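# Descriptive analysis of the structure
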Amino acid sequence: MEPDSEQKAEASFLLRAGKLASGAFDANIEDKERKVAFIVICVSIFLSGFLYTYLIPLVPSYHLITGAYFSTAEVALLFASYSFGAAMGTPLTLFLAGHVKCWMMIATAQVVFFFNCIMFMAGSSFPILFLSRTIGGVGSTFLQSGSIAMLDSLYPASDRGNRFVMLYFCGGFGLTMGPLIGGSLSSDGAFIPCLLAALTLAGCFALVMMFLRDNEAEFAKLEPLGPHVRDQQTLLSLASLVLVSATVAFSEVILPLHLNVAFATSASALGGLLMIAAIAFIFVANVAALVSEKIDRNVLVGAGLAANGVAFLALFSPESLAVEVVPVMLLGCSASVVYTGVFLRLVDSVGQGDSRSPALQQLSFVAHNVGAFLGPALLGASVHLFGLEVAAYTYGMLAIAAGVAVGWYAKKTACLDDEPTVNASALVDFQLLFTL
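Rules used throughout
Residues numbered from 1 in each chain as written. Predicted model: local features only at pLDDT ≥ 70, side-chain atom pairs only at ≥ 80, totals over all residues. Heavy atoms only, no water. Helix = DSSP H or I, 4+ residues; strand = E, 2+ residues; numbered from the N terminus. Buried < 20%, exposed > 50% of the residue type's maximum accessible area, 1.4 Å probe, protein only. Contact = heavy atoms within 4.5 Å. Areas by Shrake-Rupley, 256 points an atom, 1.4 Å probe, with all protein chains shown as cover. Expected span 1.5 Å × (residues − 1). Core = buried A, V, L, I, M, F, W, Y, C linked by side-chain atoms within 4.5 Å. Phe/Tyr/Trp six-rings, centres within 6.5 Å; stacked < 30°, edge-to-face > 60°. Lys NZ or Arg CZ within 6 Å of the ring centre and 35° of its normal. Axes fitted to C-alpha atoms, helices over the stretch in contact; angles between N-to-C directions. Parallel < 35°, antiparallel > 145°, perpendicular 65-115°, else oblique. Left-handed = near helix turned anticlockwise from the far one by under 90°. Nonpolar A, V, L, I, M, F, W, Y, C, P; charged D, E, K, R; others polar. Patch = residues over 30% accessible without salt bridge, like charges linked within 9 Å, V, L, I, M, F, W, Y side chains within 5 Å. Salt bridge = Lys/Arg side-chain N within 4 Å of Asp/Glu carboxyl O.

## Let's talk about the overall build of the protein
- A tally of regular secondary structure across the protein gives 15 helices and zero strands.
- Across the 436 residues that make up the protein, the buried fraction comes to 53%.
- Look at the contacts in the protein between residues 6 or more apart in sequence, and 89% of them connect residues 24 or more apart.
- For the protein, the exposed area adds up to about 18300 Å²; of that, 68% sits on carbon and sulfur atoms.

Right, here's the structure in full:
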């Protein structure tokens, strides 16, 4: 071989080796970025669920947080303010779509959560505490939107479902551990839970700034909302979401008040009881998804709403804290059944191939948070006017009647094919959405 040919061959070999090394280096960087992004998102979503529920066991002894007494209406509004912020954050999210990167949405959510924690630790008046929870709700909207969009860009379709299931678990775990940790650390009020959350959020924000700033995934513009809003079946599903979310949120405030009066229950015991409800919700969500192909979605919605109202009334019947576990579990299970039925209807209304519709997810998120705000808000007003028992039994009967009416109307006006056509994987996105 000629010297020139040998030199050319060697140069070609070195060039190919360099390209292979460069490709491996880029692949390593991409893999590291993917892992960091997934860990950060999982931890942030865990904290989002935690920050929503840790306050529940502290409701009866709210003076431990601030050193001041708040009325039932103020405590109820304070709890509802998180959902109020989440509902208000949706229009802002729609405005930002197409203008920001996904990592910016996630980082902004972490900063907002951080200030939520700091303000709640330092706040001593109702307006400051209400504002801190409200901006926390706005952060949850940013986190949900940015996280789903970023994972869509980082993982291929074959891996995406598994990642969303793991994310769903992290959010559910945060909801479950919130009452338990909040109740266990209640001797210092909200200070220790908020401090731990703030330190963790600071670490997550540092990871985002170090590893994800170069990620180019954009939070894309959503498709028009008009077709979804005008669809009769979608509107009925959204109304069902408002109703069941209101009932559950109502219960999350009224149950601690009732147990404190009836059994002088400690905050740690309240936290354990509510953790059971969260576990029941998550477990039945997965079971309902597995059997959803064999059950009419209208039956799921109507029967679930009626059972949810029955469970709400049953909360005030037991004569001991041990027996109270049964209606609490029924409340979580029935709410989970309603959500599954609604998700089936929503997926059917857009087609299984379009079940990841960001616009439909945002509408569902708004409906859920409007209900979660109205429930405690109605509690505050009705308890103030009529007393705890009258307000509870009236609301429970209305919930049962509304559930029967919605189920009957859904069955009567159903224009969808009620044959089982949706598999369990099509429900994952919506289940993740409501875990957040």
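## A few points about helix α4 (residues 102–122)
- Between its first and last C-alpha, α4 extends 31 Å over 21 residues, near the 30 Å set by a 1.5 Å rise per residue.
- The complete set of buried residues in α4 reads Cys 102, Trp 103, Met 105, Ile 106, Ala 107, Ala 109, Gln 110, Val 112, Phe 113, Asn 116, Cys 117 and Phe 120.

## Comments concerning the environment of Arg 163
- Positionally, Arg 163 belongs in helix α6 (residues 157–184).
- For Arg 163 and Cys 42, which are 121 residues apart along the polypeptide, the C-alpha to C-alpha distance reads 9.7 Å.
- Apart from residues lying up to four places away in sequence, Arg 163 is in contact with Phe 38 and Tyr 155.

## What to know about the environment of Ala 306
- Within the secondary structure layout, Ala 306 lies in helix α11 (residues 297–314).
- When its relative accessible area of 16% is taken as the criterion, Ala 306 is described as buried.
- Through-space distance from the C-alpha of Ala 306 to that of Val 244 is 9.7 Å; in sequence the pair is 62 residues apart.
- Not counting residues up to four positions away in its chain, the partners in contact with Ala 306 are Ile 400, Gly 403 and Val 404.

## A closer look at the nonpolar core
- Ranked by internal contacts, the top residues of the largest apolar core, which has 82 residues, are Leu 51, Phe 120, Met 150 and Phe 312.
- Counting residues per element, this core draws most heavily on helix α1 (residues 3–53), which supplies eleven residues.

## Considering the packing of aromatic side chains
- All told, the structure shown has eleven aromatic pairs when counted by the stated rule.
- Ring geometry for Phe 46 against Phe 50: centres 6.4 Å apart, planes inclined by 15°, an arrangement best described as stacked. Of the two residues, Phe 46 and Phe 50 both sit in helix α1, four residues apart, roughly one turn of that helix.
- Here Phe 46 falls in the partly exposed class, since its relative accessible area comes to 22%.
- For Phe 50, a relative accessible area of 5% gives the class buried.
- Taken together, the ring pairs in this structure connect Phe 46, Phe 50, Tyr 54 and Phe 120 into an aromatic cluster.
- It is Arg 34 that lies over the ring of Tyr 155; its NZ or CZ is 5.5 Å from the centre.

## Thoughts on the packing of helix α3 (residues 72–96) against helix α5 (residues 126–154)
- Running from N to C, α3 and α5 point in directions that differ by 40°, and their axes come no closer than 6 Å. By the angle between their directions, the pair α3 and α5 is classed as oblique. Here the hand of the crossing between α3 and α5 comes out right-handed.
- For the contact of α3 with α5, the residue count by class is 13 nonpolar, eleven polar and two charged.

## Notes on a nonpolar patch on the surface
- Residues Phe 191, Leu 195 and Leu 199 make up a contiguous nonpolar surface patch of about 270 Å² in total accessible area.
- The topology assignment puts Leu 195 in helix α7 (residues 191–211).

## Considering the environment of Ile 128
- Looking at where Ile 128 falls in the secondary structure, it is placed in helix α5.
- In the structure, Ile 128 is positioned twelve residues away from Asn 116 in sequence and 10.0 Å away in space, judged by C-alpha atoms.
- Those residues in contact with Ile 128 that sit more than four places away from it in its chain are Met 119 and Gly 123.

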